[in-house]
Amino acid sequence: MIIFIILSFIFFISLLVFLSSYELRNAIQEKFHAIFNKDKLYKAKQFAHEINTSSSIDQTQSHWHLQQWWILIAGLVLFSSILIFSFTRPISPTEIEANYLRKSDPQIYALLKGEMLTPPPEVDEKLVEEAISSAIILEQQNANNSTLPSHSEHSLEALQQSDRAMIDRKWNKMNPRYKQRLLMVFKIMKERHGYELVLLEGYRSPERQNRLSGNKNTTLAKAYQSYHQFGLAADVAFKRDGKVVISERDPWAMKGYQLYGEVAESVGLTWGGRWKSIQDYGHTEYRMPGLRKTREMAEQLTTETETGDV
């Protein structure tokens, strides 16, 4: 696309110069007549005839030097076809992501062995609504049961906020460095432990982050203080028998969260279940070395998924 824009710009500049300069137009006209006069056209036609007949059996020895033109023409056609294929072949998003990771994160690229993992379908919103209702019921039933693990209330409260329409359950704004690590965790959890994971929230807008930070039990991070704004964090839950399970009060889910934390840490992610102030069992993030938590950096990291720029 960039090459096309540059060539178009050069073409229109040349056309503008041609239209605005009488001397240039006159010089080009004279040059055209000098090249395409009758004598030169006749010589060109005769030369083309000689090349055409040079490959015949009776002229193989006498016109061998003209036969080299066929080799040259064939080479130019082959080279042109390679160029056309290179510039017109479709480039898939996974290929862009692979090239990006090869340069920016060789470690995760080596773990993947060049195989780019594709995200699962977006979770059905109705299933999330049912999971929230079930989690609330479990919380109420076990509110006074001290034998169960303390529940990370902030993850549930975040899903119950009035700005629920702002929740992003898509993968498109996740940075490839984190996205491929998380997808690898999804794959290991399914194949090794039998847990199917679903994405509850990936990228989080700064506006939503500021709203959530209004409740200290939900999050302490304001806009651009959370890794969500940089496409480097996500909240997940489980899917069992066609239903989403969120609450850690469910023993099966709690075991899954523990396994999730172990697998996530094995691929270089930070697990929210180990936090001291607010434990978030479904949260992981990639603390990218040298990250500057600014608006500009957030925009760069969340668009690298689409452009493949490093």
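Residues numbered from 1 in each chain as written. Predicted model: local features only at pLDDT ≥ 70, side-chain atom pairs only at ≥ 80, totals over all residues. Heavy atoms only, no water.

Trainee: Is there a simple way to explain the overall build of the protein in this structure?
Mentor: Looking only at helices and strands, the protein features twelve helices and five strands. Here the protein holds 310 residues, and 39% of them are scored as buried. Once local pairs closer than 6 in sequence are excluded, the contacts in the protein between residues at least 24 apart make up 66%. Accessible surface for the protein amounts to roughly 19100 Å². Of this, 59% is attributable to carbon and sulfur atoms. (Helix = DSSP H or I, 4+ residues; strand = E, 2+ residues; numbered from the N terminus. Buried < 20%, exposed > 50% of the residue type's maximum accessible area, 1.4 Å probe, protein only. Contact = heavy atoms within 4.5 Å. Areas by Shrake-Rupley, 256 points an atom, 1.4 Å probe, with all protein chains shown as cover.)

Trainee: Which parts of the structure should I look at to understand the pairing of strand E1 (residues 196-201)?
Mentor: As a general feature of sheets, a regular strand has side chains that alternate between the two faces. For E1, the buried fraction is high: five of the six residues fall into the buried class. Across five bridges, the pairing between E1 and strand E2 (residues 233-240) is antiparallel. Paired with Glu201 across the bridge in E2 is Asp235. (Pairing = 2+ DSSP bridges.)

Trainee: It is not clear to me how the side chain of Ser205 should be interpreted in this structure. Could you clarify?
Mentor: Assignment of secondary structure puts Ser205 in the loop between E1 and helix H10 (206-212). Ser205 sits in the buried class, given a relative accessible area of 13%. With sequence-adjacent residues up to four places away left out, Ser205 is seen in contact with Met166 and Gln229.

Trainee: I keep staring at the layout of surface pockets and nothing clicks. Help me out?
Mentor: Over the atoms, a rolling probe the size of a water molecule traces out where space has been left empty. A volume near 360 Å³ is recorded for the second largest pocket. Looking at the second largest pocket, it is lined by 22 residues, and the ones nearest its centre are Pro120, Pro121, Phe186, Glu196 and Leu197. Elements represented by at least two residues in the lining of the second largest pocket include exactly helix H9 (176-193) and E1. Residues of the lining of the second largest pocket, tallied by class, amount to 13 nonpolar, one polar and eight charged. (1 Å grid on protein atoms, 1.4 Å probe; cavity = no way out; pocket = protein on both sides within 12 Å on 5 of 7 lines; lining within 4 Å. Points joined across faces, edges and corners; volume = space filled by probe spheres on them. Nonpolar A, V, L, I, M, F, W, Y, C, P; charged D, E, K, R; others polar.)

Trainee: Please explain the packing of aromatic side chains as it appears in this structure.
Mentor: One pass over the full model with this rule turns up eight aromatic pairs. In this structure an aromatic cluster arises from ring pairing among Tyr195, Phe238, Trp252, Tyr257, Trp271 and Tyr281. (Phe/Tyr/Trp six-rings, centres within 6.5 Å; stacked < 30°, edge-to-face > 60°.)

Trainee: Would you mind showing me how to read the environment of Lys216 here?
Mentor: Locating Lys216 in the fold gives a position in the loop between H10 and E2. Taking the relative accessible area as the measure of exposure, Lys216 reaches 65% and is therefore exposed. C-alpha of Lys216 to C-alpha of Ile278: the two residues are 62 residues apart in sequence and 9.3 Å apart in space.

Trainee: Could you clarify how one ought to interpret H9 in this entry?
Mentor: Note on helix geometry: an α-helix contains 3.6 residues per turn, so any two residues three or four positions apart are oriented the same way. Between its first and last C-alpha atoms H9 spans 24 Å; for 18 residues at 1.5 Å apiece the expected length is 26 Å, and the two agree. With 13 of 18 residues buried, H9 lies mostly within the body of the structure. Near the N-terminus of H9, the side chain that reaches the backbone nitrogen of Arg177, with its oxygen 3.0 Å away, is that of Asn175. Just past H9, the residue Gly194 takes up positive phi, approximately 80°. (Expected span 1.5 Å × (residues − 1). Polar contact = N/O pair within 3.5 Å; in protein donor to acceptor, adjacent residues only side chain to side chain.)

Trainee: How do you make sense of the pattern of salt bridges when you look at a structure like this?
Mentor: Any two side chains of opposite charge can pair, given that their charged atoms come close. Per the stated rule, a full pass over the model turns up nine salt bridges. Of the charged contacts in the structure, one is a salt bridge between Glu122 and Lys170, with a shortest N-O distance of 3.8 Å. Taken together, the residues span a long stretch of sequence, with Glu122 in the loop between helix H6 (106-112) and helix H7 (125-141) and Lys170 in the loop between helix H8 (153-160) and H9 at a distance of 48 residues. Between Glu265 and Arg274 there is a salt bridge, with its nearest N and O atoms 2.5 Å apart. Look at Glu265 and you get partly exposed, because its relative accessible area is 31%. Members of the salt-bridge network, linked through shared partners, are Glu201, Arg204, Arg208 and Asp235. (Salt bridge = Lys/Arg side-chain N within 4 Å of Asp/Glu carboxyl O.)

Trainee: Sorry if this is basic, but what is going on with the environment of Ser205 here?
Mentor: Along the sequence, Ser205 and Phe230 sit 25 residues apart, while their C-alpha atoms lie 9.3 Å from each other. Polar contacts involving the side chain of Ser205 include one to the main-chain amide nitrogen of Arg208, which spans 3.2 Å.

Trainee: How should I be thinking about the pairing of E2 in this particular structure?
Mentor: The buried fraction of E2 is high, at six of eight residues. Here three bridges tie E2 to strand E5 (residues 283-285), and the two strands are oriented antiparallel to one another. Residue Ala233 lies in a different strand from E5, and its bridge partner there is Glu285. Two strands pair when backbone bridges link them, and E2 and strand E3 (residues 243-245) are joined in this way by three bridges, in the antiparallel orientation. When the sheet's bridge partners are listed, Phe238 is paired in E3 with Val245. Connecting E2 to the antiparallel partner E3 that follows it, the hairpin turn spans two residues, and Asp241 within it adopts a positive phi of roughly 55°.

Trainee: Is there a simple way to explain the side chain of Glu201 in this structure?
Mentor: Inspection of the secondary structure assignment puts Glu201 in strand E1. Here Arg204 takes part through its side chain, which lies 3.1 Å from a polar atom of the side chain of Glu201. Setting aside residues up to four positions removed in sequence, Glu201 forms contacts with Ile167, Asp168, Arg208, His228, Ala234 and Asp235.

Trainee: In this structure, what is going on with a nonpolar patch on the surface? I would like to understand it.
Mentor: Together, Ile2, Ile3, Ile6, Leu7, Phe9, Ile10, Ile13, Val17, Leu24 and Ile28 give the surface a local cluster of nonpolar side chains, amounting to about 930 Å² of exposed area. Elements with a minimum of two residues in the nonpolar patch: helix H1 (2-20) and helix H2 (22-35). Counting residues per element, the nonpolar patch draws most heavily on H1, at eight residues. One can find Val17 in helix H1. (Patch = residues over 30% accessible without salt bridge, like charges linked within 9 Å, V, L, I, M, F, W, Y side chains within 5 Å.)

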